[in-house]
Amino acid sequence: MNIILIFDVNCTICRIFKKIVNLLDFRKNIINYSIENAISKNYFTHFSKRKVYQSFHIIYKNKIYSAELGLIVLFYYLLNGKLIMGKFNSVNLRISGLLYNSLSKTRNISCNSKINFTNKLSNKL
């Protein structure tokens, strides 16, 4: 079963993150999509555009995992090639949350540039 990694191609940090994930994916089962491609394929029907652009997303078995939960999914998958859903406990969520939050502070403004630009245009109209 493949995992889909959805990321913002306009963000430098996001592209570097995708390259690291691809290097660690020895089984080559992770498929990469840009956020725009994922929106066009209707993966995010129940998400606001702001939420879509806030983080990377992992899709596995038709479920979407974002931010720190997505980091846990990637970690377990890259570690042993399968997901062990029972391992999502509060300690793992706290550790991945701290890691994700510290890394996300380094993101530049381009991560949300499209959504900010779209919002500014809609406000002017």
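For the structure, check the block above.
Residues numbered from 1 in each chain as written. Predicted model: local features only at pLDDT ≥ 70, side-chain atom pairs only at ≥ 80, totals over all residues. Heavy atoms only, no water.

K.L.:
What is the right way to look at the overall build of the protein in this model?
P.N.:
Within the protein one finds six helices and four strands. Counted from the first residue to the last, the protein has its helices and strands arranged as β-α-β-α-α-β-β-α-α-α. Burial analysis of the protein (125 residues in total) assigns 37% to the buried set. Long-range contacts, defined here as pairs at least 24 residues apart, represent 61% of the contacts in the protein between residues at least 6 apart. Surface accessibility of the protein: about 7900 Å² in total, with carbon and sulfur atoms responsible for 59%. (Helix = DSSP H or I, 4+ residues; strand = E, 2+ residues; numbered from the N terminus. Buried < 20%, exposed > 50% of the residue type's maximum accessible area, 1.4 Å probe, protein only. Contact = heavy atoms within 4.5 Å. Areas by Shrake-Rupley, 256 points an atom, 1.4 Å probe, with all protein chains shown as cover.)

K.L.:
Is there a simple way to explain the sheet that holds strand S2 (residues 30–34) in this structure?
P.N.:
Where strands meet in a sheet, backbone hydrogen bonds hold them as pairs that are either parallel or antiparallel. Judged by pairing direction, the sheet is mixed, and its four strands sit side by side in the order S2-S1-S3-S4 without closing on themselves. The open sheet has two free edges, formed respectively by S2 and strand S4 (63–66), since each of these has just one partner strand. Averaged over all pairs of adjacent strands, the angle between their axes in this sheet comes to 25°, without regard to strand direction. As defined by bridge partners, strand S3 (residues 57–60) adjoins S4 across four bridges and the pair is classed as antiparallel. Each bridged residue has a counterpart across the sheet, and for Ile59 the counterpart in S4 is Ile64. Across the sheet, helix H1 (residues 12–24) lies against strand S1 (3–7) and S2, angled at about 160° from S1, the strand it touches most. The strands that helix H4 (residues 67–80) touches are S1, S2, S3 and S4; relative to S4, the one it contacts most, it runs at about 105°. (Pairing = 2+ DSSP bridges. Axes fitted to C-alpha atoms, helices over the stretch in contact; angles between N-to-C directions.)

K.L.:
Is there a simple way to explain the side chain of His57 in this structure?
P.N.:
Checked against the element boundaries, His57 lands in strand S3. Looking at His57, the relative accessible area reads 0%, which means it is buried. A polar contact of 2.6 Å, which involves the side chain of His57, links it to the side chain of Ser66. (Polar contact = N/O pair within 3.5 Å; in protein donor to acceptor, adjacent residues only side chain to side chain.)

K.L.:
How should I be thinking about the packing of aromatic side chains in this particular structure?
P.N.:
Remark: the centre distance and the inter-plane angle together describe each pair of aromatic rings, the angle taken between the planes. Applying the stated criterion across every chain, the model contains three aromatic pairs. The interplanar angle of 40° and the centroid separation of 4.7 Å between the aromatic rings of Phe17 and Phe56 together place this pair among those described as tilted. Separated by 39 residues along the polypeptide, Phe17 in helix H1 and Phe56 in the loop between helix H3 (49–54) and S3 bring together distant segments of the chain. The buried category is assigned to Phe56, whose relative accessible area is 9%. Of note, Arg27 hangs over the ring of Tyr77, and the distance from its end group to the ring centre comes to 5.9 Å. In this structure, Lys51 is placed above the aromatic ring of Phe47, and the distance from its NZ or CZ to the ring centre is 4.9 Å. (Phe/Tyr/Trp six-rings, centres within 6.5 Å; stacked < 30°, edge-to-face > 60°. Lys NZ or Arg CZ within 6 Å of the ring centre and 35° of its normal.)

K.L.:
Can you help me understand the side chain of Asp8 in this one?
P.N.:
In this structure, Asp8 sits in the loop between S1 and H1. In this structure Asp8 comes out as buried when scored by relative accessible area, which is 3%. Of the polar contacts made by the side chain of Asp8, one reaches the backbone nitrogen of Asn10; its length is 3.0 Å.

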